[in-house]
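The lines below spell out each chain.
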Amino acid sequence: MAELFRNAWQGWLSFTNAGKLPAALLVSLLFLWIYYNRIKQKEFLVYTTVVTICSVLPVTAAVLMLYQTRFYDYKWIWSVVPMTAAVGFAVTLFMTEFLQESTAGDRRRQVMTGLLLTAGLLFCSGIGGRNRDGYGCYEERRQVEEMLAELQERLQGKRISLWAPREVLSYARAYDAGIQLLYGRDMWDSDLRGYSYDSYPGGLEDMFRWMEASPGEEAVSDLYCVETAVSAEVNCILLPEDKLPETLDCFEKVMGVRAEKLGNYYLFVK
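Conventions we followed
Residues numbered from 1 in each chain as written. Predicted model: local features only at pLDDT ≥ 70, side-chain atom pairs only at ≥ 80, totals over all residues. Heavy atoms only, no water. Helix = DSSP H or I, 4+ residues; strand = E, 2+ residues; numbered from the N terminus. Buried < 20%, exposed > 50% of the residue type's maximum accessible area, 1.4 Å probe, protein only. Contact = heavy atoms within 4.5 Å. Areas by Shrake-Rupley, 256 points an atom, 1.4 Å probe, with all protein chains shown as cover. Pairing = 2+ DSSP bridges. Axes fitted to C-alpha atoms, helices over the stretch in contact; angles between N-to-C directions. Core = buried A, V, L, I, M, F, W, Y, C linked by side-chain atoms within 4.5 Å. Phe/Tyr/Trp six-rings, centres within 6.5 Å; stacked < 30°, edge-to-face > 60°. Lys NZ or Arg CZ within 6 Å of the ring centre and 35° of its normal. Patch = residues over 30% accessible without salt bridge, like charges linked within 9 Å, V, L, I, M, F, W, Y side chains within 5 Å. Salt bridge = Lys/Arg side-chain N within 4 Å of Asp/Glu carboxyl O.

Trainee: Tell me about the overall build of the protein, residues and numbers included.
Mentor: The helix and strand inventory of the protein stands at 11 helices and five strands. Per-residue burial over the protein gives 34% buried out of 270 residues. A sequence separation of at least 24 residues applies to 61% of the contacts in the protein between residues at least 6 apart. Surface exposure of the protein reaches about 16,200 Å², of which carbon and sulfur atoms provide 56%.

Next up, the structure:
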């Protein structure tokens with residue numbers, strides 16, 4: 001239960017970091033409660049307020065997460081909150097009643113206030129939420145594609161079953177759908193699993209964490225990883241260049257091949 005409370009709190013922090021719409025919702029609810037007597041749809045306001053509070057407080061949020069089952073993470077409990085409708089309702093009331101009274105029919109002030117309010121709502125979204133450099137992503141993809149092209153040339157049309165860091169696996173299938181992967185992007189991006197209950201065996205998850213870990217921080221042994229890869233019929237392995245020399249020695253002994261330098265990686269081709 002303590003883990004569930006922790007996940008609920010961390011989920012709220014992550015949810016608000018992606019955009020400011022929850023803040024817009026809270027401001028809208030405050031405005032609507034101040035003008036409660038003017039609202040005809042009081043049931044809607046009460047319902048929205050109750051489910052919003054339940055989604056924010058860790059205890060009630062944990063109960064909602066438990067109700068929806070552990071398959072879904074925190075953000076899905078907000079499907080019970082009519083966020084867009086509540087914000088739109090508050091904006092409509094503000095524009096049609098409060099603004100009309102406060103500006104005394106001054107059309108210019110009404111238009112300027114409406115434009116500022118619209119701009120504020122736009123900035124409440126997740127614009128710029130992903131701090132990704134577009135050129136950097138292009139360069140990363142180009143380098144991976146060049147490396148895969150060289151790998152295909154070396155294998156001369158043979159089947160490629162690949163285990164590599166996720167920055168390589170992310171683009172491998174886009175480059176050539178014939179490349180077989182030990183695991184796909186849904187290993188590290190859980191949203192891609194959607195509504196599927198399928199999951200990877202624990203051994204593959206351990207191998208993923210081993211591949212992405214810094215040298216010396218791996219949770220499982222080098223021998224376990226290379227033997228599992230070989231048993232899964234992987235014939236191409238790319239290791240980051242920062243892996244320790246003893247790791248390279250272990251892979252060379254088990255696979256019976258020498259490590260080759262390929263870009264920023266060490267390549268093992270069986």
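Trainee: Describe the sheet that holds strand 1 (residues 161–163), with residues and values.
Mentor: One open sheet accounts for five strands, arranged 2-1-3-5-4; its pairing is mixed. In this open sheet, the two edge strands, each paired with only one partner strand, are strand 2 (180–181) and strand 4 (260–262). On top of the sheet, helix 9 (residues 202–212) reaches strand 1 and strand 3 (236–240); it is set at about 45° to strand 3, its chief contact.

Trainee: Can you explain the nonpolar core? Please cite residues and give values.
Mentor: In terms of nonpolar packing, the biggest core is built from 39 residues, with L162, W163, V168, Y183, I237 and L238 touching the most fellow members. For this core, the secondary structure elements donating two or more residues are helix 7 (134–155), strand 1, helix 8 (166–175), helix 9, helix 10 (222–231), strand 3, helix 11 (245–255) and strand 5 (265–269). Those residues in contact with L162, other than ones at most four positions away along the chain, are L148, V168, L169, A172, I179, Q180, L181, L182, V234, C236 and L238. Residues F31, M65, V87 and F94 belong to the second largest nonpolar core, which totals 20 residues.

Trainee: Tell me what's going on with the packing of aromatic side chains, and back it up with residues and numbers.
Mentor: In the structure shown here, the tally under the stated rule is nine aromatic pairs. Summarising the aromatic geometry, the rings of F31 and Y35 are spaced 5.0 Å apart at their centres and angled 45° between planes, so their arrangement reads as tilted. You can call F31 buried: its relative accessible area is 16%. Ring geometry for W210 and F251: centres 5.6 Å apart, planes at 20°, overall stacked. With W210 in helix 9 and F251 in helix 11, this residue pair connects regions lying 41 residues apart in the sequence. One aromatic cluster in this structure is built from W163, W210, F251 and F268. Sitting over the face of the ring of Y36, K42 holds its NZ or CZ atom 5.0 Å from the ring centroid. Just above the ring of W210 sits the side chain of K243; from NZ or CZ to the centre is 4.1 Å.

Trainee: An account of unusual backbone geometry is requested, with residue identities and associated values reported.
Mentor: Phi at E233 takes a positive value of approximately 65°, unusual for a residue other than glycine. Turning to its location among the elements, E233 is positioned in the loop between helix 10 and strand 3.

Trainee: Which residues make up the pairing of strand 5, and what values go with them?
Mentor: Where strand 3 lies against strand 5, five bridges are found, and the strand directions are antiparallel. Paired with L238 across the two strands is L267, which belongs to strand 5. Bridge count for strand 4 against strand 5 is three bridges, and the pairing is antiparallel. Across the sheet, E260 pairs through a bridge with L267, a residue of strand 5. The turn joining strand 4 and strand 5, which pair antiparallel and follow one another in sequence, is formed by two residues; a positive phi near 65° is taken by G263.

Trainee: Requested: an account of helix 11, with residues and values cited.
Mentor: Of the positions making up helix 11, those classed as buried are T247, L248, C250, F251, E252 and M255. As for helix 11, its buried residues are in contact with strand 1, helix 9, helix 10, strand 3 and strand 5. Looking at the residues trailing helix 11, positive phi occurs at G256, about 75°.

Trainee: Which residues make up a nonpolar patch on the surface, and what are the values?
Mentor: Residues W33, V46 and V50 make up a contiguous nonpolar surface patch of about 240 Å² in total accessible area. Take V46: it is sitting in helix 3 (residues 42–56).

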